[in-house]
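Listed below, chain by chain, are the residues.
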Amino acid sequence: MSQTLLTPAAFAAAELVDHHCHGVVEHTLERREFESLITESNWDAPEGTSVFDSQLGTAIRRWCAPLLDLDAHITAERYLERRAELEPRDVNERLLRAAGIDRYLIETGYRGDDILTAPEMAHRADAASDTVVRLERLAEQLVVSLGTAAEYADAFRAHLAEELKSAVGVKTIAAYRLGLDFDPARPSDAEVTAAAGEWLREIGAGGEPRLEHAVLIRFGIWCAVDAQQAIQFHIGFGDPDVDLHRCDPLLLTEWLRLTRNSGARVLLLHCYPFHRNAGYLAHVFPHVYCDVGLAINYVGAASPQVISESLELTPFDKVLFSSDAFGLPELYFLGAHLFRRGVTQVINGWIENDEWDVDTGERLVRKICGENAMRAYKLTPGGAFGAGRNAA
Ligand SMILES: [Zn+2]
């Protein structure tokens, strides 16, 4: 007897919101630069080896090559050669439009000068976009214009409020700068002033304005809590600036207890390999959401298993989609493509085992693709820039 299964139509009917991503670069890429954008390592692959020999590299040769008029599984050399023959803008448009993402929530705080802006991304993708503010970057921009340390707390609050007139949420990289085992308590304004004084003295001595002071990072997060924002946390897998063992989201447990009734929503990003821990937190805390973006691309053909694990404890109203793409349009395309493919494979397995019916599957697809992000970020239809594919 044939079963009714989930089909691509379920995804076509749902708006796809990429709730955490960055812009693409738009210039012809040499192999070394391309390879640097398909690894989380900060260093070249060892001599005689290639970053392409990975799940992500294999997925690019399999799924992206046909979008550049090449056969699937073409060599990395031929892929890069063909890519360089095309205009960079053409490559971006082909891959971004094929991704089928309707709305991008773009975090602009990382290498913002190297990548396209949110309006440019909307244009290349023929989609809508919004911005998400990185708290640590905001502090770094603010501090250089500050007269005295005593101004810091109020100036930061005012600056954040101004940014939030257009941005839809904030992001923190406390995982990178502190580790998630930071003191969960709200710092006092006196502590903030003392910390700002220390930071200003460092900058005065010729230091780069790089926010590493724990009190000020915690203060930024608490300001976002008070503003009842959607707050993205980097969790788990990332470049070697993180101490991965200090990026387990369970380290946030006490802070999550303290913020449960604040009105803020907490979005745990990437989460791999702690996605089951993140699912537990989303399960018990009403204000917690999570995704497995970034990991999906890096685990490639193994992504259905990660998706399946991310759907164990996480309530269906708390799962989000993100690509966490940076730099390459390939990463947007694969993020969306492998997500749709993996979700379909996992849910259809459950339907075939007579555990699920197709209606439950279609409802989950609508939630993960867009409904959950709309609720978590309190988004209104449309987006700040561009127009959604489904818009009139
Ligand atoms: Zn990111």
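Before reading further, recall that the structure is shown in the block above.
To start, this report covers the structure provided alongside it. The model shown is predicted, which means the values in this text are computed figures rather than measured ones. (Residues numbered from 1 in each chain as written. Predicted model: local features only at pLDDT ≥ 70, side-chain atom pairs only at ≥ 80, totals over all residues. Heavy atoms only, no water.)

1. Details of the state of the cysteines
Note on terminology: a disulfide is the covalent bond linking the sulfur atoms of two cysteines. So the rule is basically this: Any cysteine sulfur atom paired with another within 2.5 Å is treated as part of a disulfide. Each residue gets one of three labels from its accessible area relative to the maximum for its type: buried under 20%, exposed over 50%, partly exposed in between, using a 1.4 Å probe on protein chains only.
Inspection of the entire model under this criterion finds zero disulfides. For C64, which is in no disulfide, the shortest distance to another cysteine sulfur is to C21 and amounts to 16 Å. On the basis of relative accessibility, which here comes to 0%, the residue C64 falls in the buried class. The cysteine C369 is free of any disulfide, with C21 supplying the nearest cysteine sulfur at 15 Å.

2. Describing the coordination of the zinc ion
Short version of the rule: Only N, O and S atoms count as donors, using a 2.8 Å limit from the metal and a wider 3.2 Å limit for Na, K and Ca, and since water is excluded some coordination spheres may look unfilled.
The coordination sphere of the zinc ion, as far as protein atoms go, consists of H20 (NE2), H22 (NE2) and D324 (OD), spread over 2.0 to 2.1 Å. D324 gets classed as buried once you look at its relative accessible area, which sits at 11%.

3. A short note on the pattern of salt bridges
As a reminder of what qualifies: Salt bridges are counted wherever a side-chain nitrogen of Lys or Arg sits within 4 Å of a carboxyl oxygen of Asp or Glu.
Summed over the entire model, instances satisfying the criterion amount to 32 salt bridges. A cluster of three or more residues bridged by salt bridges with shared partners is formed by D69, R78, E81, R82, E85, D90 and R94.

4. Thoughts on a nonpolar patch on the surface
Note the following rule: Only residues above 30% relative accessible area that lack a salt bridge enter a patch, with like-charged residues linked at up to 9 Å and the nonpolar side chains Val, Leu, Ile, Met, Phe, Trp and Tyr linked at up to 5 Å. For the accessible areas, the method is Shrake-Rupley and the probe is 1.4 Å, while residue cover comes only from the protein chains on display. Secondary structure counts use DSSP, requiring at least four H or I residues in a row for a helix and at least two E residues in a row for a strand, with both numbered from the N terminus.
Together, L250, Y280, V284 and L313 make up an exposed nonpolar region whose accessible area comes to about 320 Å². In this fold, L313 is placed in the loop between α15 (303-310) and α16 (329-352). Its relative accessible area of 40% is what places L313 among the partly exposed residues.

5. As for the pairing of strand β4 (residues 169-172)
What counts is decided by this rule: Should DSSP find at least two bridges between two strands, the strands are taken to pair.
Side-chain alternation along β4 places G169 and K171 on one buried face and V170 and T172 on a second face that is also buried. Across three bridges, β4 lies against strand β5 (residues 230-235) in parallel orientation. Within β5, the position partnered with V170 by the bridge is I231.

6. Quick look at α16
For clarity, the threshold we go by: A helix is expected to span 1.5 Å for every residue after the first.
Taking 1.5 Å per residue as the helical rise, α16 with its 24 residues ought to reach 34 Å, and the 34 Å between its terminal C-alpha atoms agrees with that figure. Counting buried positions along α16 yields 18 of 24 residues, so the element is predominantly enclosed. The positive-phi residue at the C-terminal boundary of α16 is D354, with phi of around 60°.

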